[in-house]
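# Fold and geometry: a report
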Amino acid sequence: MRRWILRTTLAVTLFVIAVLTAATWWAYWASTTARLQAQVEHRADDVAIDLRHTFKTMGVITESDVEEAVPADHRVELSFDESVESDAGSSGDDLVVGKEGSGPTSEEHIAGVGTLRLIDATGELGRSLWFGGGVVAGVALLLTALAVVLALRASRRLTEPITELVAEAERLGSGDLRTSGRRYGIAEFDQLADSLDAAVRRVAELLAEERSLTLDASHQLKTPLTALSLRLEELAQWPDDPGVRDEASAALEQVERLSGVVDELLLDRRSPSRSGVPVALRTVVDQQVSEWRPAFDAVGRRLVATVDPDVTTSVDFGPVGQVVSALIENSLLHGAGRTSVEVKAPQGTTWIEVFDEGGGVPDELASRVFDRDVSGSGGTGLGLAAAQDAAVSIGGRLALVRRRPAHFRFFLNSGEDPSSVGPEAEQGAESDSDDVGGDVVGQR
């Protein structure tokens, strides 16, 4: 943009300078020529008067008479009338006095004598035009240099605020909610900066309110979870019924995981200390499948998991488990048939896929499936949105790679392009309208 402003400003300025230079030069040339022409005409009048007086007095005009009457550096061509040549006893030749010249010329008729032609041979016209042209050219060059300097300053003054505002917007997008307070002395840019700072303050207030609410809710949950854990520990030691002990142990394990989620909420997600001890990705998937399989069995559906043997990735248990759990729960609530969880590591990438055999995602919801408060069957609309946030918090992202049946892919590396991997994307690029080819991507 800076180059465009600079080029445009210079083009307009140079055009104006060129027009003014041409007009100034033309005016100077016209005035100089008129001035010198008037001088020659005045001198021609004087010479004609002198020669007329000489002719009346002497009855003849000689070359010496003409030389005395002609100004220095001028040329005189005197053509005698026929009567004068015979009556005055002249030789009959025209008199020519002075050197060659190409300056202004004036002709005067001397009554009873002939025609006088006076030519300025001083070269003053040429010198004046060269001097005036040099002055005009110098002024034009000076104005051009000044125009370049002013154009550079103007383009910098106009583009620097835009560059700084873009940088500030990128900084805010990265989560740095500090206001710069910078103003630029340009009303439009200052108004934009005011609006941006006001938006930043509002976002900071909303985040503070949300964080406060999360902390309050987490603290409120912590106490009953602790009490519930103690009761389950007592049941897990029930001496007479092995079934009760097993169910209590499973419930106690789930409560402990829920307590871990609450502890996670109590931590600031921006703190480097929030990450837990890395665990194998296979362990996370197996744990989630084991936890959700009874719910699938209860409704007569199958939940299967396949992990590529080449997968050796270690991950943060909390966010990854939350994403996998949300995808499995989404399939349980909205899908049908068998639900498959597959972990793959093609070409150095790693992703987790969850898909089933149901009717898929409605067309009107496909582009908003990761938005909050969007649900296809009366749900809360928070599951996939929360999963997306958890994925982004560890540098990953979610994608809906096929609408019917629903096929979700969790990329553990956000740099992976869902439109360039997987058979579904290739097929969708050709003809299958149900395959979104990675267009619906959970990255915000």
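Presented here is a report on the structure given in the accompanying data block. All values reported here derive from a predicted model rather than from experimental measurement.

Rules used throughout
- Residues numbered from 1 in each chain as written.
- Predicted model: local features only at pLDDT ≥ 70, side-chain atom pairs only at ≥ 80, totals over all residues.
- Heavy atoms only, no water.
- Helix = DSSP H or I, 4+ residues; strand = E, 2+ residues; numbered from the N terminus.
- Buried < 20%, exposed > 50% of the residue type's maximum accessible area, 1.4 Å probe, protein only.
- Areas by Shrake-Rupley, 256 points an atom, 1.4 Å probe, with all protein chains shown as cover.
- Contact = heavy atoms within 4.5 Å.
- Axes fitted to C-alpha atoms, helices over the stretch in contact; angles between N-to-C directions.
- Parallel < 35°, antiparallel > 145°, perpendicular 65-115°, else oblique.
- Left-handed = near helix turned anticlockwise from the far one by under 90°.
- Nonpolar A, V, L, I, M, F, W, Y, C, P; charged D, E, K, R; others polar.
- Core = buried A, V, L, I, M, F, W, Y, C linked by side-chain atoms within 4.5 Å.
- Pairing = 2+ DSSP bridges.
- Phe/Tyr/Trp six-rings, centres within 6.5 Å; stacked < 30°, edge-to-face > 60°.
- Lys NZ or Arg CZ within 6 Å of the ring centre and 35° of its normal.
- Patch = residues over 30% accessible without salt bridge, like charges linked within 9 Å, V, L, I, M, F, W, Y side chains within 5 Å.
- Salt bridge = Lys/Arg side-chain N within 4 Å of Asp/Glu carboxyl O.
- Lys, Arg positive; Asp, Glu negative; His and termini not counted.
- Charge placed at Lys NZ, Arg CZ, Asp CG, Glu CD.

## So, the overall build of the protein chain
When helices and strands are tallied, the protein chain shows eleven helices and twelve strands. In the protein chain, which comprises 444 residues, the share counted as buried stands at 34%. Accessible surface, the protein chain: about 25,200 Å² in total, of which carbon and sulfur atoms supply 56%.

## Considering the environment of Val284
Note on placement: Val284 falls in helix 7 (residues 281-298). Along the chain, Val284 and Val320 lie 36 residues apart, while their C-alpha atoms are 7.4 Å from each other. With near-sequence residues (within four places) excluded, Val284 lies in contact with Val279, Val315, Phe317, Val320 and Gly321.

## Notes on the packing of helix 8 (residues 317-334) against helix 10 (residues 383-393)
Packing of helix 8 against helix 10 leaves a shortest axis separation of 9 Å and a crossing angle of 155 degrees. One element, helix 8, and the other, helix 10, form an angle in the roughly antiparallel class. Considering how the two elements wind past one another, helix 8 and helix 10 form a crossing that is left-handed. Contact residues: Pro319, Gln322, Val323, Ala326, Leu327 and Asn330 in helix 8; Gly383, Leu384, Ala386, Ala387, Ala390, Ala391 and Ser393 in helix 10. Taken together, the residues of the contact of helix 8 with helix 10 sort by class into nine nonpolar, four polar and no charged.

## Considerations on the nonpolar core
If you look at the biggest cluster of nonpolar residues, it comprises 36 residues, and the most contacted ones within it are Leu281, Ile352, Phe408 and Phe410. Among the elements that take part in this core, helix 8 stands out by supplying seven residues, more than any other. Once you skip the residues sitting within four places of it in the chain, Ile352 turns out to touch Leu281, Val285, Val320, Val324, Val341, Glu342, Val343, Phe408, Arg409, Phe410 and Leu412. In this structure, Leu51, Val97, Ile110 and Leu118 belong to the second largest nonpolar core, which totals 18 residues.

## What about the sheet that holds strand 2 (residues 95-97)?
Spatially, the four strands line up as an open sheet ordered 2-1-4-3, and their pairing is antiparallel. At either margin of the open sheet sits one strand with a lone partner, and together these are strand 2 and strand 3 (105-110). Direction aside, the axes of adjacent strands within the sheet are offset by 10 degrees on average. In this structure, strand 1 (residues 74-80) lies alongside strand 4 (residues 114-120), joined through seven bridges in antiparallel fashion. Bridge assignment links Ser79 to a residue of strand 4, and that residue is Thr115.

## Regarding the packing of aromatic side chains
Inspection of the entire model under this criterion finds three aromatic pairs. Ring centres of Trp351 and Phe411 lie 5.8 Å apart, and the angle between their planes is 65 degrees; this geometry places the pair in the edge-to-face category. Pair noted here: Trp351 is in strand 9 (residues 351-355) and Phe411 is in strand 11 (residues 407-411), with a separation of 60 residues, a long-range link. For the pair Trp351 and Phe411, a shared accessibility class is recorded, and that class is buried. It is Arg397 that lies over the ring of Phe411; its NZ or CZ is 5.8 Å from the centre. In this arrangement the basic side chain of Arg409 is found over the ring face of Trp351, its NZ or CZ atom lying 4.5 Å from the centre.

## Remarks on a nonpolar patch on the surface
A grouping of Phe131, Val135, Val139, Leu143, Leu146 and Leu150 is seen on the molecular surface, where their side chains present a nonpolar patch of about 550 Å² in accessible area. Here Val139 is to be found in helix 4 (residues 124-173).

## Brief notes about a negative patch on the surface
Residues Glu41, Asp45, Asp46 and Asp50 make up a contiguous surface patch of negative charge. By the element assignment, Asp45 lies in helix 1 (residues 2-58).

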